[in-house]
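# Structural characterization, general
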Amino acid sequence: AVVADRGMSLKALVAGAAASSALGIWTCLRPDQTAFLTPLFREREFWIGNSVRLSGTFEYPNIAAAFLAMGFTLSLGFRVCSLLWAAAQGLILLGLILTLSRAGLAVALCGFGVVVTAHVVKDGIGPAIGRFGLSAAVTVLCLAGALLFYPPFLLHLQTGGDRAWYSARYETLETPSLSAGGVTAVQVQVTNTGRIPWSPKGEHPFRLSYHWLEAGT
């Protein structure tokens, strides 16, 4: 009875992780429609570039990532025998990816590797494939989808932050003469040399500014 109760508790925790992740995914996909939910869990959403980092039902994305990584790892303790359980694992993993927490994702993947390795050592490769094959397929699909269709995921893996995502090159046909208090029209060509597009729309519209400096400064 104690073992059965423990199993039900773990299943409830995994279900809670899936529900929290689903709410967070909705928030990331439709931040304009879910703004009313933010005050229930945190003061504000956390943005990187022009994308929301998933926080789900938590205050910070990294805390959400820690919970989802735990939920995903614990979900491996049960044999995935239904598409519903596989969908729950997929929801948790997608939410973990949208937190853009590299540590959280590493913990989940390392946990997966440790669990699978332990079963291979204990039972052999065949039974381990039968037990974790569907979970592995879900994991590969989620990671491949993020790499192909969610650019901030790969950018964050490569850079760790969005400071390197923005840069610009300014070019003028001639160096202007700027008199004190005067107004001067100058043609400037601006090239986006960063990693993401500039958009004037959305929750975080892009703003561009510049400064004139004396030559040699």
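Below, the structure is looked at part by part.

What counts, and where the lines are drawn
Here, residues in each chain are numbered from 1, in the same order as that chain's written sequence. Under the rules for a predicted model, residues below a pLDDT of 70 receive no local features and side-chain atom pairs below 80 are neither given nor counted, while totals for whole chains, interfaces and linings still include all residues. Heavy atoms from the whole structure form the basis of all side-chain values; hydrogens and water molecules are not counted. Throughout, a disulfide means two cysteine sulfur atoms within 2.5 Å of one another. The rule is simple: take the accessible area with a 1.4 Å probe, protein chains only, and divide by the maximum for that residue type; under 20% is buried, over 50% is exposed, in between is partly exposed. Stacked, tilted and edge-to-face are the three classes assigned to paired rings of Phe, Tyr and Trp, where Trp is represented by its six-membered ring and a pair needs centres within 6.5 Å; plane angles under 30 degrees give stacked, over 60 edge-to-face, the rest tilted. Numbering of helices and strands runs from the N terminus; a helix is a DSSP stretch of H or I covering at least four residues, while a strand is a stretch of E covering at least two. Each cavity reported here is a set of points on a 1 Å grid over the protein atoms alone in which a 1.4 Å probe fits but cannot get out, each pocket an open set with protein on both sides within 12 Å along at least five of seven lines, and each lining residue one with an atom within 4 Å of a point. Grid points are joined across faces, edges and corners, and a volume is the space filled by probe spheres set on the points. Just so you know the grouping, Ala, Val, Leu, Ile, Met, Phe, Trp, Tyr, Cys and Pro go in nonpolar, Asp, Glu, Lys and Arg go in charged, and all remaining residues, Gly too, go in polar. Axis definition: a line fitted to C-alpha atoms, limited for helices to the stretch in contact. Angles are taken between N-to-C directions and run from 0 to 180 degrees. In what follows, a contact means two residues having at least one pair of non-hydrogen atoms within 4.5 Å. Two helices cross in a left-handed way if the nearer one is turned anticlockwise from the farther one by less than a right angle. They cross in a right-handed way if the turn is clockwise.

## As for the state of the cysteines
Counted by the stated rule, this structure contains zero disulfides. C110 takes part in no disulfide bond, and the closest cysteine sulfur, belonging to C142, lies 17 Å away. Distance from the sulfur of C142, which forms no disulfide, to the nearest cysteine sulfur (C28) is 14 Å. Residue classification places C142 among the buried residues on the basis of a relative accessible area of 8%.

## A short note on the packing of aromatic side chains
Applying the stated rule across the entire model yields four aromatic pairs. Between the aromatic rings of F58 and F67, the centroid separation amounts to 5.2 Å while the plane-to-plane angle is 50°, which identifies the pairing as tilted. For F58, a relative accessible area of 21% corresponds to the partly exposed category. Between F72 and F112 the ring centres are 5.9 Å apart and the planes differ by 80°, which places this aromatic pair in the edge-to-face class. Linking F72 in helix α3 (residues 61–75) with F112 in helix α5 (residues 102–123), this pair joins segments that are 40 residues apart in sequence.

## Looking at empty space enclosed by the protein
Under the defined criterion, the tally for this structure stands at one cavity of 30 Å³ or more. Of the volumes computed, that of the largest cavity is approximately 40 Å³. As for the largest cavity, its lining consists of I97, L100, S101, R102, L105, F153, H156 and L157. Broken down by element, the residue count for the lining of the largest cavity peaks at three residues, all from helix α7 (residues 151–159).

## With respect to unusual backbone geometry
Backbone geometry at L100 places phi at a positive 55°, although glycine is not the residue there. Of note, L100 is situated in the loop between α4 (83–98) and α5.

## Section: the layout of surface pockets
Size it by volume and the largest pocket reaches roughly 240 Å³. I25, C28, L29, S51, V52, L94, I97, L98, A146, F149 and Y150 are the residues that line the largest pocket. Contributing elements (two or more residues each) for the lining of the largest pocket: α1 (2–29), β2 (51–53), α4 and α6 (125–149). Across the lining of the largest pocket, the residue classes break down as ten nonpolar, one polar and no charged.

## Quick look at the packing of α4 against α5
Contact pair α4 / α5: the axes reach a minimum separation of 8 Å and the direction vectors enclose 150°. Counting all contacts with α4, which are made through L93, L96 and I97, the residues of α5 involved are G104, L105 and A108. Classifying every residue of the contact of α4 with α5 gives five nonpolar, one polar and no charged.

## Some remarks on the packing of α4 against α6
Taken N-terminus to C-terminus, the directions of α4 and α6 make an angle of 35°; their axes are 9 Å apart at the nearest point. Of the two elements, α4 crosses α6, and the hand of that crossing is right-handed. From α4, A86, Q89, G90, L93, L94 and I97 reach across to α6, where they touch L134, S135, V138, T139, C142, L143 and A146. Partitioning the contact of α4 with α6 into residue classes produces nine nonpolar, four polar and no charged.

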